[in-house]
Amino acid sequence: GAVVSQHPSWVICKSGTSVKIECRSLDFQATTMFWYRQFPKQSLMLMATSNEGSKATYEQGVEKDKFLINHASLTLSTLTVTSAHPEDSSFYICSAKDTGQGAVYNEQFFGPGTRLTVL
Amino acid sequence: QKEVEQNSGPLSVPEGAIASLNCTYSDRGSQSFFWYRQYSGKSPELIMSIYSNGDKEDGRFTAQLNKASQYVSLLIRDSQPSDSATYLCAVNSAGSARQLTFGSGTQLTVLP
């Protein structure tokens with residue numbers, strides 16, 4: 001299957017700082033990537049859909065000014081958590097779909113996730 | 001009504017047994033169906049995809065789809081302790097060309 005990487009794998013920051021998380025598709029092009037958040041023992045929650053070259057689409061209840069998404073190339077999307085607070089501490093996971101030739105229809109591959117802890 | 005429903009479990013089976021995981025979905029126009037495995041503290045890993053009615057086998061895993069009943073299942077044969085994880089059912093619904101809707105997951109424990 002296709003490979004998606006995330007960086008960093010974990011980050012600890014002080015309240016009020018901003019944190020940038022990168023999501024890369026390593027061996028395929030992804031016009032669309034997705035950002036999820038998962039709290040302990042809960043299911044995945046879709047935060048936003050990141051579209052290459054255009055604005056992200058945010059799910060209801062997700063603040064677009066707090067969670068900035070940039071998808072500047074076909075292999076890279078970034079999520080910036082601005083002015084992070086302890087309640088933003090969570091496991092952030094990106095995923096991407098291989099939209100190239102030969103890709104299996106609609107299969108979505110996840111990055112390894114980024115664990116954010118805000119003190 | 002949730003769009004994708006799974007029994008949360010926990011489901012426990014002895015080693016070597018067949019584990020059966022079930023999922024129902026509400027959108028009759030759904031086209032693509034996926035099973036992901038998520039180990040504790042890790043991200044989901046795609047293990048099966050199925051698009052047409054019937055069974056699809058891959059090693060010890062068999063996915064079953066019944067669109068008339070809006071039901072998709074995952075069977076794990078010869079279950080191993082390493083299969084202990086949360087299994088997420090995901091559905092790509094009509095009208096959401098790229099987005100997946102996930103169930104809340106079923107926690108499976110395989111007892112040695």
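Conventions and cut-offs
The residue numbers shown here count from 1 along each chain, following its written sequence. Written order determines the labels here, with chains lettered from A and ligands numbered from 1. Only residues with pLDDT of at least 70 get local features here, since the model is predicted, and only at 80 or more are side-chain atom pairs given and counted; chain-wide, interface and lining totals rely on the full set of residues. Values reported for side chains reflect all heavy atoms of the structure, with hydrogen atoms and water molecules removed beforehand. At least two bridges found by DSSP between two strands are what make those strands a pair. Per the convention used, a helix needs a DSSP run of H or I reaching at least four residues, while a strand needs a run of E reaching at least two, with both numbered from the N terminus. To obtain each axis, a line is fitted to C-alpha atoms, and for helices this fit is confined to the stretch in contact; angles are then taken between N-to-C directions over 0 to 180 degrees. Put simply, the grid is 1 Å and covers the protein atoms alone, a cavity is a trapped set of points that fit a 1.4 Å probe, a pocket is an open set with protein on both sides within 12 Å along at least five of seven lines, and lining residues have an atom within 4 Å of a point. Grid points are joined across faces, edges and corners, and a volume is the space filled by probe spheres set on the points. Polar here means any residue outside two lists: the nonpolar Ala, Val, Leu, Ile, Met, Phe, Trp, Tyr, Cys and Pro, and the charged Asp, Glu, Lys and Arg; Gly therefore counts as polar. Only rings of Phe, Tyr and Trp enter the pairing, Trp through its six-membered ring, and a pair is recorded when the two centres are within 6.5 Å. The plane angle decides the type: under 30 degrees is stacked, over 60 is edge-to-face, the rest tilted. The buried label applies to any residue whose accessible area, calculated with a 1.4 Å probe on protein chains only, is under 20% of its type's maximum; exposed applies above 50%, and partly exposed to all values in between.

K.L.:
Run through the sheet that holds strand β8 (residues 71-76) of chain B, naming residues and quoting values.
P.N.:
Residues and elements named next belong to chain B. Strand order in the open sheet made by the 5 strands is β1-β3-β8-β7-β6, with antiparallel pairing throughout. Only two strands of the sheet have a single partner each, and these edge strands are β1 (4-6) and β6 (54-58). Each neighbouring strand pair of the sheet contributes to a mean axis angle of 20 degrees, computed without reference to strand direction. With 6 bridges connecting them, strand β7 (residues 61-66) and β8 associate as antiparallel partners. Bridge pairing links Gln64 to Ser73 in β8.

K.L.:
I'd like to hear about empty space enclosed by the protein, residue by residue, with values.
P.N.:
Picture a little ball the size of a water molecule; that probe, rolled over the atoms, points out where space is still empty. All names here are of chain B. One pass over the structure, following the stated rule, counts 1 cavity of 30 Å³ or more. The space that makes up the largest cavity amounts to roughly 30 Å³. Residue lining of the largest cavity: Glu3, Val4, Tyr25, Ser26, Asp27, Ser30, Val91, Ser93 and Thr101, and that is the complete set. Residues belonging to the lining of the largest cavity are distributed by class as follows: 3 nonpolar, 4 polar and 2 charged.

K.L.:
Quick rundown of the packing of aromatic side chains? Include the residues and the values.
P.N.:
A complete count under the given rule lists 8 aromatic pairs over all chains for this structure. Between Tyr36(A) and Phe102(B), the ring centres sit 5.7 Å apart and the planes meet at 90 degrees, which makes this aromatic pair edge-to-face. Within this pair, whereas Tyr36(A) is found in strand β4 (residues 32-38), its partner Phe102(B) is found in strand β10 (residues 101-102), the two belonging to separate chains. Across the pair, exposure class does not vary: Tyr36(A) and Phe102(B) are buried alike. For the ring pair Phe67(A) and Tyr92(A), a centre distance of 6.4 Å and an interplane angle of 40 degrees mean the geometry is tilted. With Phe67(A) in strand β7 (residues 67-73) and Tyr92(A) in strand β9 (residues 90-97), the pair connects residues that are 25 residues apart, well separated along the chain.

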